[in-house]
Amino acid sequence: METKVEIVYKPDRSTKRRQPIFIATVPAGFPSPAADYEEGKLDLNRHLIKNPAATFFVRVTGDSMLNAGIHNGDLLVVDRSIEPRDKNVIIAVVNGELTVKRIRIRRNKLTLVAENDAYRSQEINDQMEFEVWGVVTNVIHAL
């Protein structure tokens, strides 16, 4: 299934919920007592949202971006203030449909590239309706 945007959300910056953040790295082997390494508190709004007025969230459906770490049902953090560059993952409107793809900019040609070999790339031409809504900055998904 092609990866598309299912829902668009605005961030709620009114909440102030800070969680502890630790300066120690966490090994994948045996646990270590981390309380001695507490650095402070982490506010995920401040960590994930650099430009609040230009940021929104989308929920995606589909599997065309699996190799980019984007899974069906993931939430993406999208920043409209970032100028899209070659190889960025973007949210775009193509012929009236919202989609999530990696943008390739070469020799004045734009191509939207899926990150799953089961899907073809799509070159953008002058006859197509095309608009970039923003650059994906973070992916949030459950394990």
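Remember, it's a predicted structure, so these values are computed and weren't measured experimentally.

### Things to note about the overall build of the chain
In step 1: What the chain contains, in helices and strands, is one helix and ten strands.
In step 2: Tracing the chain from N to C terminus, the helices and strands come up as β-β-β-α-β-β-β-β-β-β-β.
In step 3: Taking the contacts inside the chain whose residues are at least 6 apart along the sequence as the reference set, 61% of them involve residues at least 24 apart.
In step 4: Of the roughly 9,700 Å² that the chain leaves accessible, carbon and sulfur atoms contribute 50%.

### Digging into unusual backbone geometry
In step 1: Positive phi values are uncommon outside glycine, yet Lys87 reaches one of about 80°.
In step 2: Structurally, Lys87 is set in the loop between strand S5 (75-79) and strand S6 (89-94).
In step 3: When its relative accessible area of 45% is taken as the criterion, Lys87 is described as partly exposed.

### What to know about a positive patch on the surface
In step 1: A cluster of like positive charges, contributed by Lys87, Arg106, Arg107 and Lys109, occupies part of the molecular surface.
In step 2: Relative to the helices and strands, Lys109 is located in strand S8 (residues 109-113).

### Describing the nonpolar core
In step 1: Within the largest apolar cluster, 14 residues are counted, with the highest numbers of intra-cluster contacts made by Val58, Ile70, Leu76, Val78, Ile91 and Val100.
In step 2: Looking at this core, the elements with two or more residues in it are strand S4 (55-61), S5, S6 and strand S7 (97-106).
In step 3: Formed by eight residues, the second largest nonpolar core is a distinct cluster that contains Ala92, Ile124, Met128 and Val135.

### A word on the environment of Lys10
In step 1: Among the structural elements, Lys10 can be located in the loop between strand S1 (4-9) and strand S2 (18-22).
In step 2: When its relative accessible area of 75% is taken as the criterion, Lys10 is described as exposed.
In step 3: With 67 residues separating them along the chain, Lys10 and Val77 place their C-alpha atoms 9.8 Å apart.

### Observations regarding the pairing of S6
Here is the key point about a regular strand: its side chains alternate between the two faces of the sheet.
In step 1: Counting buried positions along S6 yields six of six residues, so the element is predominantly enclosed.
In step 2: Both faces of S6 are covered, namely the face carrying Val89, Ile91 and Val93 and the face carrying Ile90, Ala92 and Val94.
In step 3: Hairpin remark: S6 followed by S7, antiparallel, with two residues in the connecting loop; positive phi at Asn95, about 50°.
In step 4: Where S6 lies against strand S10 (residues 130-140), five bridges are found, and the strand directions are antiparallel.

### Observations regarding the pattern of salt bridges
In step 1: Following the criterion strictly, the structure yields two salt bridges and no others.
In step 2: Across the pair Arg104 and Asp86 runs a salt bridge whose closest N-O atoms are separated by 3.0 Å. Taken together, the residues span a long stretch of sequence, with Arg104 in strand S7 and Asp86 in the loop between S5 and S6 at a distance of 18 residues.
In step 3: We classify Asp86 as partly exposed; its relative accessible area is 31%.
In step 4: One salt bridge connects Arg102 with Glu115, and the closest N-O pair in it is separated by 2.5 Å. Pair noted here: Arg102 is in strand S7 and Glu115 is in the loop between S8 and strand S9 (122-124), with a separation of 13 residues, a long-range link.

Reading guide: rules and limits
- Residues numbered from 1 in each chain as written.
- Predicted model: local features only at pLDDT ≥ 70, side-chain atom pairs only at ≥ 80, totals over all residues.
- Heavy atoms only, no water.
- Helix = DSSP H or I, 4+ residues; strand = E, 2+ residues; numbered from the N terminus.
- Contact = heavy atoms within 4.5 Å.
- Areas by Shrake-Rupley, 256 points an atom, 1.4 Å probe, with all protein chains shown as cover.
- Buried < 20%, exposed > 50% of the residue type's maximum accessible area, 1.4 Å probe, protein only.
- Patch = residues over 30% accessible without salt bridge, like charges linked within 9 Å, V, L, I, M, F, W, Y side chains within 5 Å.
- Salt bridge = Lys/Arg side-chain N within 4 Å of Asp/Glu carboxyl O.
- Lys, Arg positive; Asp, Glu negative; His and termini not counted.
- Charge placed at Lys NZ, Arg CZ, Asp CG, Glu CD.
- Core = buried A, V, L, I, M, F, W, Y, C linked by side-chain atoms within 4.5 Å.
- Pairing = 2+ DSSP bridges.

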